[in-house]
Amino acid sequence: MPLTSLEARAVAAVDREALATSLTELLAVPSVTGSDAESDVQHVLAKQLTALGLDVDLWPLDLPGLAATAGFPGTEADRSEAWGLVGTAHGDGDRPALVLQGHVDVVPAGDLSQWRSDPFEPTWRGTRVHARGACDMKAGVAADLAAYAAIVRSGVRLHRGLALQFVVGEEDGGLGAFGTLQRGHTADACIITEPTSGTLVTGAAGALTFTLELRGLATHASTPYAGHSALDSYLPLHRALAELSGRRNRTVEPLMREYPVPYPIVVGRVRAGDWSSSVPDLLSAEGRLGLRIEEDPDDARRELAECVAEVAARDPFLRDHPPVLSWSGGQFAGGHLPAGEGLRELVADVHADVTGGPRPRERGAPYGSDLRLYAGAGIPTLHYGPGDVRLAHGPDEAVELDEVLTVTRALVLAVLRSCGAS
């Protein structure tokens, strides 16, 4: 629908050059999950929120206390400290009408030889910036900041409150979002600016990290018959996991039907033995069990445990030396935006109004995210943000500035229509 004069003024106040500069500065901070820079970037952002006139809450997360709290989502990275960060523009009412949320941590760069430039020295090629975290999800964080900055610049006054929440530890479980909610920061609705390629993601599938440990019997490599290889014991388990993945993907939820394998089981790391001329006596396999959006994580854990037990029961060595299954690292349940929630229509409308095109289609995401923590706290939440998730975690990750601009302008409208303005 046509923008009001107030909305047009606020949207016009989005500063393209300032947005590009802000994104470049954020990308230059190597805030890998669990690193010192993960804390550094929170302090950088706190200064920016203060400069925008927000009431800033920057606090050290109580890592032992949170880990002992019911519902703790787990972690994979070692941390000596972590910080929560919320900037609030207060208004009428007891709590903000809307939260714009983004995570500041990024995954490691991987094999540097596959990058065309240093992953933590942002490189612009035309209107496209390349760097680790470009789409996942510092472009979304920059859009959150730029949207509120435009509202301030335009002179528009919000009637109800708005909060910007920037969190750590999303990549390894959701520590930052969990800690933010535990501190009491809440709202009527939440937009997480994860990369969605111009779509609305209203459901996120879960992902449970697991570890399998298998024993063998070490002996010299010249006499393998005198021992038993832990690797040989693992191979039937690996095949069984693939078969289980196939069975679990026969029934697919409507939001997930565009994905060839919406709920995969993948073993991402296998370590065995300690010497090339010895039969390995220990193997550790770490993997990820994909969940359906509305699946009880305990049911999925039970199904995997039964699969492992069945393999062990058929194997003469494993019967006497059963594999040990543990649930390590991040534990992402699924989450979704309930039917009938107005946030879905709001974000679809503002995207269409900014682009002059159709309302975006709705879909699910085949990965865990902070969505399920906010949804679990009773906050209607969806993903809408710049970037293509297929570029996330890969070499030469990148995002288009025009896409970041589109999302920023849509966020301006979403804030005005959620909070009311004059």
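Preceding block: the structure.
Residues numbered from 1 in each chain as written. Predicted model: local features only at pLDDT ≥ 70, side-chain atom pairs only at ≥ 80, totals over all residues. Heavy atoms only, no water.

Participant: Help me understand the packing of helix α5 (residues 134–154) against helix α12 (residues 401–419) in this model?
Facilitator: Where α5 contacts α12, the two axes come as close as 8 Å, and the packing angle between them is 50 degrees. Classified by the interaxial angle, the pair formed by α5 and α12 is oblique. Helix-helix and strand crossings are classified by hand; for α5 and α12 the assignment is right-handed. Where α5 approaches α12, its residues Ala-139, Ala-143, Asp-144, Ala-146, Ala-147, Ala-150 and Ile-151 are matched on the opposing element by Val-404, Val-407, Thr-408, Leu-411, Val-412, Val-415 and Leu-416. (Axes fitted to C-alpha atoms, helices over the stretch in contact; angles between N-to-C directions. Helix = DSSP H or I, 4+ residues; strand = E, 2+ residues; numbered from the N terminus. Parallel < 35°, antiparallel > 145°, perpendicular 65-115°, else oblique. Left-handed = near helix turned anticlockwise from the far one by under 90°. Contact = heavy atoms within 4.5 Å.)

Participant: Is there a simple way to think about empty space enclosed by the protein in this case?
Facilitator: To locate leftover empty space, one rolls a probe as large as a water molecule over the atoms. All chains considered together, the criterion is met by one cavity of 30 Å³ or more. Its volume calculated, the largest cavity comes out at about 40 Å³. The wall of the largest cavity is formed by Pro-195, Thr-196, Val-201, Tyr-259, Arg-363, Gly-364, Ala-365, Pro-366, Tyr-367 and Val-389. Counting residues per element, the lining of the largest cavity draws most heavily on strand β15 (residues 362–365), at three residues. (1 Å grid on protein atoms, 1.4 Å probe; cavity = no way out; pocket = protein on both sides within 12 Å on 5 of 7 lines; lining within 4 Å. Points joined across faces, edges and corners; volume = space filled by probe spheres on them.)

Participant: Before we go on, may I ask you to explain the layout of surface pockets in this structure?
Facilitator: The computed volume of the largest pocket comes to approximately 1,200 Å³. What lines the largest pocket is a set of 37 residues, and nearest its centre among them are Val-107, Glu-171, Arg-288, Tyr-367 and His-393. If you list the elements that add at least two residues to the lining of the largest pocket, you get β9 (206–215), β10 (265–272) and β11 (282–291). Take the lining of the largest pocket: its biggest share by element is four residues, from β10. Of the residues assigned to the lining of the largest pocket, the class counts are 14 nonpolar, ten polar and 13 charged. Roughly 160 Å³ of internal volume is contained in the second largest pocket. Lining the second largest pocket we find Asp-15, Ala-18, Leu-19, Ser-22, Gln-48, Leu-52, Ala-142, Leu-145, Ala-146, Ala-149 and Arg-153. (Nonpolar A, V, L, I, M, F, W, Y, C, P; charged D, E, K, R; others polar.)

Participant: Just to check I follow, could you spell out helix α10 (residues 342–355) for this structure?
Facilitator: One full turn of an α-helix is made of 3.6 residues, so residues set three or four places apart face in the same direction. A rise of 1.5 Å per residue sets the reference length of α10, with its 14 residues, at 20 Å; its end C-alpha atoms lie 20 Å apart and thus fit the reference within 8%. Along α10, the positions that sit buried rather than exposed are Leu-343, Arg-344, Leu-346, Val-347, Ala-348, Val-350, His-351, Ala-352 and Asp-353. Its buried side turned inward, α10 meets β3 (98–103), β7 (190–192), β8 (200–204), β15, β16 (381–383) and α12. Phi for Gly-356, located one or two positions after α10, is positive at around 70 degrees. (Expected span 1.5 Å × (residues − 1). Buried < 20%, exposed > 50% of the residue type's maximum accessible area, 1.4 Å probe, protein only.)

Worth remembering: the numbers are spatial, not functional.
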